[in-house]
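Letter by letter, the chains look like this.
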Amino acid sequence: MSRIVYVNGEYLPEEEAKVSIFDRGFLMADAVYEVCSVLDGKLLEFEGHIARLHRSLSELKMAEPCSDEELLEIHRELVKRNEVKEGGVYLQVTRGASDRDFVWAKDLKPTLVLFTQAKSIEHSPTATTGIKVIAIEDQRWARRDIKTVQLLFPSLAKMEAKAQGKDDAWLVEDGFVTEGTSNNAWIVTKDGTIVTRDLSTDLLHGITRASVMKYAKEAQMKVEERKFTIEEAQNAAEAFFTSASAFVTPVVEIDGATLGDGTPGPVARRLREIYLAESRARAI
Ligand code: PDD
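Predicted model only: the values in this text are computed from it and were never measured. (Residues numbered from 1 in each chain as written. Predicted model: local features only at pLDDT ≥ 70, side-chain atom pairs only at ≥ 80, totals over all residues. Heavy atoms only, no water.)

A.B. asks: Describe in detail the pattern of salt bridges, supporting the description with residues and values.
C.D. replies: Under the counting rule described, the total for this entry stands at 24 salt bridges. Residues Glu253 and Lys132 are paired through a salt bridge, measuring 4.0 Å at the closest nitrogen-oxygen approach. In this pair, Glu253 is assigned in strand S14 (residues 247–254) and Lys132 in strand S7 (residues 131–137), connecting sequence segments 121 residues apart. Residue Arg144 pairs with Glu173 through a salt bridge whose shortest N-O separation is 2.8 Å. Linking Arg144 in the loop between S7 and helix H5 (152–163) with Glu173 in strand S8 (residues 168–173), this pair joins segments that are 29 residues apart in sequence. Overlapping salt bridges, with partners in common, bring together Asp138, Arg140, Arg144, Glu173 and Glu179 in one network. (Salt bridge = Lys/Arg side-chain N within 4 Å of Asp/Glu carboxyl O. Helix = DSSP H or I, 4+ residues; strand = E, 2+ residues; numbered from the N terminus.)

Right under this line is the structure:
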């Protein structure tokens, strides 16, 4: 069975789905996206992802493709048609198609594309082994709070990490970690405080980040939102990252320095469990 995808109002086998070569998403990366995870055939954190989609569209003065109800319906229909039990739904909105020009016409019709990816996310091997990250200077544009499809630098950074035999890169600007290539970065200090960078235009406002912070506070853990350096992270008790598709994943090595005994720490493990239980209970 070929995968059924959604393009501008139609459900089609993936081989038949097409967008214009003049689409501004293709020509100018003039597009935003969201990734919503699926567990037990249900959507995790849907409201959060849709709220951030609205914000990204509004920051770029891009038109809304359809209503929230329709977006939910499309997500559910794709999960159903593709029989996805575990994985994710990728959604992309572009400004639309028009002849190539830096100036865009006001009346463009946004392009809306969604597809599913079936994969194991709950029991991914990295959840038990942890991952190793390198540090790389953050060379992305300055509006990282908008979830655009400009992912070339994060891809290059991840390729560099792989080339060095590691898993991912933590991006560093003016001496401080901004975030991971596709996730938010966290450390746990030796006195047990959980630290992640405060929100600004320097990083994506992760949906998983917000939920993990809420659940950690509810569990009486001490949380601090502030910048930290690679050196502080290397000397921390633990480190981890958060993202929709990897939940809470431990980090066991940072730029050549092993954390603790090189295995996932108790705080990251506990937060992963809490996050999974809470988001499962709220899944729709
Ligand atoms: N990445 N920071 C960046 C740069 C990201 O690309 C992502 C998400 C996050 C975490 O945000 P959230 O918790 O809302 O997923 C932080 C997605 C999963 C991706 O590109 O596949």
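Having seen the model, we can carry on.
A.B. asks: Break down the site of the ligand for me, with residues and values.
C.D. replies: The local shell around the ligand holds 19 residues, among which Tyr33, Arg52, Glu179, Thr208 and Ala244 are the closest. Here Glu179 contributes a side-chain N or O atom positioned 2.6 Å from a nitrogen atom of the ligand. Protein chains shield 89% of the accessible area of the ligand, which is 480 Å² for the free molecule. Elements with a minimum of two residues in the shell around the ligand: strand S3 (31–39), helix H2 (46–59), helix H6 (207–218) and strand S13 (238–243). By residue class, the composition of the shell around the ligand is five nonpolar, 10 polar and four charged. Inspection of the shell around the ligand shows a minimum of three residues originating in each of domain 1 (4–118) and domain 2 (125–282). (Near = heavy atom within 4 Å. Polar contact = N/O pair within 3.5 Å; in protein donor to acceptor, adjacent residues only side chain to side chain. Areas by Shrake-Rupley, 256 points an atom, 1.4 Å probe, with all protein chains shown as cover. Nonpolar A, V, L, I, M, F, W, Y, C, P; charged D, E, K, R; others polar. Domains from an automatic or database assignment.)

A.B. asks: Go over the domain arrangement of the protein chain with me, naming the residues and quoting the values.
C.D. replies: By the assigned domains, the protein chain splits into domain 1 (4–118) and domain 2 (125–282). Taken together, the contacts link 20 residues of domain 1 with 22 residues of domain 2. In this assembly, domain 1 and domain 2 are joined by three salt bridges. A salt bridge links Glu59 to Arg143, with the shortest nitrogen-to-oxygen separation between them at 2.8 Å. At the junction of domain 1 with domain 2, the criterion picks out 10 residue pairs in polar contact (both at pLDDT 80 or more). For the side of domain 1 that touches domain 2, the elements supplying multiple residues, two or more each, are S3, H2 and strand S5 (87–94). Looking at the side of domain 1 that touches domain 2 residue by residue, the class counts come to nine nonpolar, five polar and six charged. (Contact = heavy atoms within 4.5 Å.)

A.B. asks: I'd like a rundown of the packing of H2 against helix H3 (residues 68–81), residues and numbers included.
C.D. replies: Interaxial distance between H2 and H3 falls to 11 Å at its minimum, and their mutual angle equals 125 degrees. Taken as axis vectors, H2 and H3 run oblique relative to one another. Handedness of the H2/H3 crossing: right-handed. In contact with Phe46, Ile50, Leu53 and His54 of H2, H3 contributes Asp68, Leu71, Leu72 and His75. A class-by-class count of the residues in the contact of H2 with H3 yields five nonpolar, two polar and one charged. (Axes fitted to C-alpha atoms, helices over the stretch in contact; angles between N-to-C directions. Parallel < 35°, antiparallel > 145°, perpendicular 65-115°, else oblique. Left-handed = near helix turned anticlockwise from the far one by under 90°.)

A.B. asks: Residue-level account of the nonpolar core, with values.
C.D. replies: Most often, soluble globular proteins keep nonpolar side chains buried together rather than apart. The biggest cluster of nonpolar side chains holds 25 residues, and the ones touching the most others in it are Leu43, Leu53, Leu71, Leu112 and Leu114. Counting only elements with at least two residues in this core, the list comes to strand S1 (4–7), S3, H2, H3, S5 and strand S6 (111–118). Among the elements that make up this core, the one with the highest residue count is H3 (five residues). With residues up to four places along the chain from it excluded, the contact list for Leu71 reads Phe46, Ile50, Leu53, Cys66, Leu91 and Leu112. One finds Leu39, Val188, Val248 and Ala283 within the second-largest nonpolar core, a separate group that totals 22 residues. (Core = buried A, V, L, I, M, F, W, Y, C linked by side-chain atoms within 4.5 Å. Buried < 20%, exposed > 50% of the residue type's maximum accessible area, 1.4 Å probe, protein only.)

A.B. asks: Would you mind going over unusual backbone geometry in detail, with residue names and values included?
C.D. replies: Positive phi is not limited to glycine here, since Asp174 has a value of about 50 degrees. Of note, Asp174 is situated in the loop between S8 and strand S9 (176–180). Positive phi, close to 45 degrees, is recorded for Asp255, a residue that is not glycine. Along the chain, Asp255 turns up in the loop between S14 and strand S15 (257–258).

A.B. asks: Please give an account of the packing of H6 against helix H8 (residues 266–282) that cites residues and values.
C.D. replies: One way to put it is that H6 packs onto H8 with a least axis distance of 10 Å and a crossing angle of 105 degrees. Relative to H8, H6 is oriented roughly perpendicular. Across the interface between the two elements, Thr208, Ser211, Val212, Lys214, Tyr215 and Ala216 of H6 pack against Leu271, Ile274, Tyr275, Glu278, Ser279 and Arg282 of H8. Here the contact of H6 with H8 is built from residues that sort into six nonpolar, three polar and three charged.

A.B. asks: Residue-level account of the state of the cysteines, with values.
C.D. replies: In the structure shown here, the tally under the stated rule is zero disulfides. Cysteine Cys36 remains unbridged, with the sulfur of Cys66 as its closest cysteine sulfur at 14 Å. (Disulfide = S-S within 2.5 Å.)

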